[in-house]
Amino acid sequence: MALKEKCAICNGKIQFRFSPMKEWKIKGSLCGECYSKKLNEHYPGEHVRVNKHLD
Ligand SMILES: [Zn+2]
């Protein structure tokens, strides 16, 4: 069962589907990369940072 879903932002193939927040006003689904980019844009510094060594 192949789901041919594309990312609403980069148009790339989605391996893990993320749903955009309502306030982002994006239709469709996002790939993980674009989702975290958007998170960063809209909520800078609020999400958990992975690169802890940068602190
Ligand atoms: Zn994307």
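Placed above this text is the structure.
Since we're looking at a predicted model, the values are computed, not measured.

S.K.: With reference to specific residues and values, describe the coordination of the zinc ion.
M.R.: Around the zinc ion, the protein supplies Cys-7 (SG), Cys-10 (SG), Cys-31 (SG) and Cys-34 (SG) as donor atoms, at distances of 2.3 Å. One chain supplies every donor for the zinc ion, spaced along it as C-x2-C-x20-C-x2-C. Here Cys-10 is found in the segment before α1 (32–42), whereas its partner Cys-34 is found in helix α1, with 24 residues between them in sequence.

S.K.: Could you give me a rundown of the packing of aromatic side chains, with the residues and numbers involved?
M.R.: The final tally for this structure, using the stated rule, is three aromatic pairs. Here Trp-24 and Tyr-35 contribute two aromatic rings whose centre-to-centre distance is 5.5 Å and whose plane-to-plane angle is 55°, an arrangement assigned as tilted. With Trp-24 in the segment before α1 and Tyr-35 in helix α1, this residue pair connects regions lying 11 residues apart in the sequence. Here the two residues Trp-24 and Tyr-35 agree in accessibility, since each one is buried. A centroid spacing of 6.3 Å and a plane angle of 40° characterise the contact between Trp-24 and Tyr-43, whose relative ring orientation is tilted. Here the residue Trp-24 occupies a position in the segment before α1, and Tyr-43 occupies one in the segment after α1, the gap between them amounting to 19 residues. Judged by relative accessible area, Trp-24 falls into the buried class, the value being 6%. Within the aromatic cluster, the residues linked to one another by ring pairs are Phe-18, Trp-24, Tyr-35 and Tyr-43.

S.K.: How would you sum up unusual backbone geometry? Please name residues and give values.
M.R.: The residue Asn-11 is not glycine, and still its phi comes out positive at about 65°. Here Asn-11 lies in the segment before α1.

S.K.: Describe in detail the environment of Ile-14, supporting the description with residues and values.
M.R.: By the secondary structure assignment, Ile-14 is in the segment before α1. Residue Ile-14 is classed as buried on the basis of its relative accessible area of 14%. In this structure, the C-alpha to C-alpha distance between Ile-14 and Ser-29, residues 15 residues apart in sequence, is 8.2 Å. Excluding anything up to four places from it in sequence, Ile-14 contacts Glu-5, Lys-6, Cys-7, Ser-29, Leu-30 and Cys-31.

Cut-offs used in this document
For every chain, the first residue of the written sequence is number 1, and numbering continues from 1 along that sequence. Only residues with pLDDT of at least 70 are given local features in this predicted model, and only at 80 or more are side-chain atom pairs given and counted; all residues enter the totals for whole chains, interfaces and linings. Only hydrogens and water are removed before side-chain values are computed, so all heavy atoms of the structure are retained for them. In this description, a donor is an N, O or S atom within 2.8 Å of the metal centre, a cutoff extended to 3.2 Å for sodium, potassium and calcium. Water is not part of the atom list, which can make sites seem incomplete. Working definition: helices are DSSP H or I runs of at least four residues, strands are E runs of at least two. Numbering for both runs from the N terminus. Stacked, tilted and edge-to-face are the three classes assigned to paired rings of Phe, Tyr and Trp, where Trp is represented by its six-membered ring and a pair needs centres within 6.5 Å; plane angles under 30 degrees give stacked, over 60 edge-to-face, the rest tilted. Each residue gets one of three labels from its accessible area relative to the maximum for its type: buried under 20%, exposed over 50%, partly exposed in between, using a 1.4 Å probe on protein chains only. Here, two residues are considered to be in contact whenever any of their heavy atoms come within 4.5 Å of each other.

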